[in-house]
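# Analysis of the macromolecular model
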Amino acid sequence: MGTKVKLKGVRVGFLDVYKPREFEKGDGKPRYNATAIVTPGSDADKAIEAAIEAVAKEAWGAKAPEKLVEFRGNPKRCYAPGSIKSYEGYEGNKILSAHRAVSQGAPRILAADGRTLLTVETGLPYRGCYVVLYAEIYALTTGKFQGIYASFSDVQFMKH
């Protein structure tokens, strides 16, 4: 079980919310994706870091500190320094990569009012806009992919 976080006012780096995309082309495992660009020290950054700490403690107990050293900054994990990629807007920020399995259904895409459902025809949300991302931070504790990951349920357009 993970920790839910509401990330208000984060910019979107990448977004596949209307149509799932394969992680690796041809792998047959499509998923929905959202990458949030997070300002260090912001409320969103603090919420993510607190969730990561809580999830690690719940999953690994006394071994949580050493597990976090192993996971932090790893580009294959959910929360990393923006400097690991050379995309516009990433430098000096952090990036949260969240995914949603097709089996969980499509995420809800909401207008700024938080109630109206958006469709692909609206063109919202889009890369570079600001959103509220409803995410969940969770741990995988077995197998070769042990680590801290993020999923998401809703994306709410905030502003251009």
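Let me sum up the structure you'll find in this document. (Residues numbered from 1 in each chain as written. Predicted model: local features only at pLDDT ≥ 70, side-chain atom pairs only at ≥ 80, totals over all residues. Heavy atoms only, no water.)

## Here we look at the overall build of the protein chain
Here is the rule we go by: Only DSSP runs of H or I reaching four residues or more are called helices, and only runs of E reaching two or more are called strands; each is numbered from the N terminus. With the radius of gyration taken over C-alpha atoms, the globule rule is written as 2.2 Å times the number of residues to the power 0.38. Exposure categories follow from relative accessible area, calculated using a 1.4 Å probe and restricted to protein chains: below 20% of the type maximum is buried, above 50% is exposed, and the middle band is partly exposed.
The helix and strand tally for the protein chain stands at two helices and seven strands. Counting helices and strands in the order they occur from the N terminus, the protein chain gives β-β-α-α-β-β-β-β-β. Whereas a compact globule of 160 residues would reach a radius of gyration of roughly 15 Å, the protein chain reaches 15 Å, a difference of no more than 12%. A buried classification covers 39% of the 160 residues belonging to the protein chain.

## Concerning the nonpolar core
What counts, and what does not: As used here, the term nonpolar core means buried Ala, Val, Leu, Ile, Met, Phe, Trp, Tyr and Cys residues forming a set that is joined through side-chain atoms within 4.5 Å. Only heavy atoms enter the contact rule, under which two residues are in contact if any of them lie within 4.5 Å.
Ranked by size, the top nonpolar core spans 38 residues in total, and within it Leu7, Val10, Leu96, Leu133, Ile137, Ile148 and Phe152 carry the most contacts. For this core, the secondary structure elements donating two or more residues are strand S1 (3-22), strand S2 (30-38), helix H1 (43-60), helix H2 (64-71), strand S4 (94-101), strand S6 (130-140) and strand S7 (147-159). The element best represented in this core is H1, accounting for seven residues. When neighbours within four sequence positions are excluded, Ile137 is seen to be in contact with Gly2, Thr3, Val5, Ala51, Ile52, Val55, Leu96, Ile148, Tyr149 and Ala150.

## Some points on empty space enclosed by the protein
Inclusion rule: Grid points spaced at 1 Å over the protein atoms alone were grouped into cavities, where a 1.4 Å probe fits but cannot get out, and pockets, open sets with protein on both sides within 12 Å along at least five of seven lines, with lining residues defined by an atom within 4 Å of a point. Grid points are joined across faces, edges and corners, and a volume is the space filled by probe spheres set on the points. Residues are grouped as follows: Ala, Val, Leu, Ile, Met, Phe, Trp, Tyr, Cys and Pro are nonpolar; Asp, Glu, Lys and Arg are charged; all remaining types, including Gly, are polar.
Applying the stated criterion to the full structure yields one cavity of 30 Å³ or more. In this structure, the largest cavity encloses a volume near 30 Å³. Val12, Phe14, Leu15, Ala34, Thr35, Ala36, Val131, Leu133 and Val155 together form the lining of the largest cavity. Mapped onto the lining of the largest cavity, the elements with two or more residues apiece are S1, S2 and S6. In the lining of the largest cavity, the residues fall into eight nonpolar, one polar and no charged.

## As for the pattern of salt bridges
For clarity, the threshold we go by: Between Lys or Arg on one side and Asp or Glu on the other, a salt bridge is scored when a side-chain nitrogen of the former is within 4 Å of a carboxyl oxygen of the latter.
Scanning all chains against the criterion turns up four salt bridges. Across the salt bridge formed by Lys94 and Asp45, the nearest N and O atoms sit 2.9 Å from each other. With a gap of 49 residues between them, Lys94 in strand S4 and Asp45 in helix H1 connect regions that are remote in the sequence. With a shortest N-O distance of 3.1 Å, Arg108 and Asp154 are connected by a salt bridge.

## Digging into the environment of Leu96
When you line up the elements, Leu96 lands in strand S4. Leu96 sits 17 residues away from Tyr79 along the chain, and the two C-alpha atoms are 4.6 Å apart. Discounting chain neighbours no more than four positions away, the residues touching Leu96 are Leu7, Ala34, Thr35, Ala36, Ile48, Cys78, Tyr79, Leu133, Ala135, Ile137 and Ala150.

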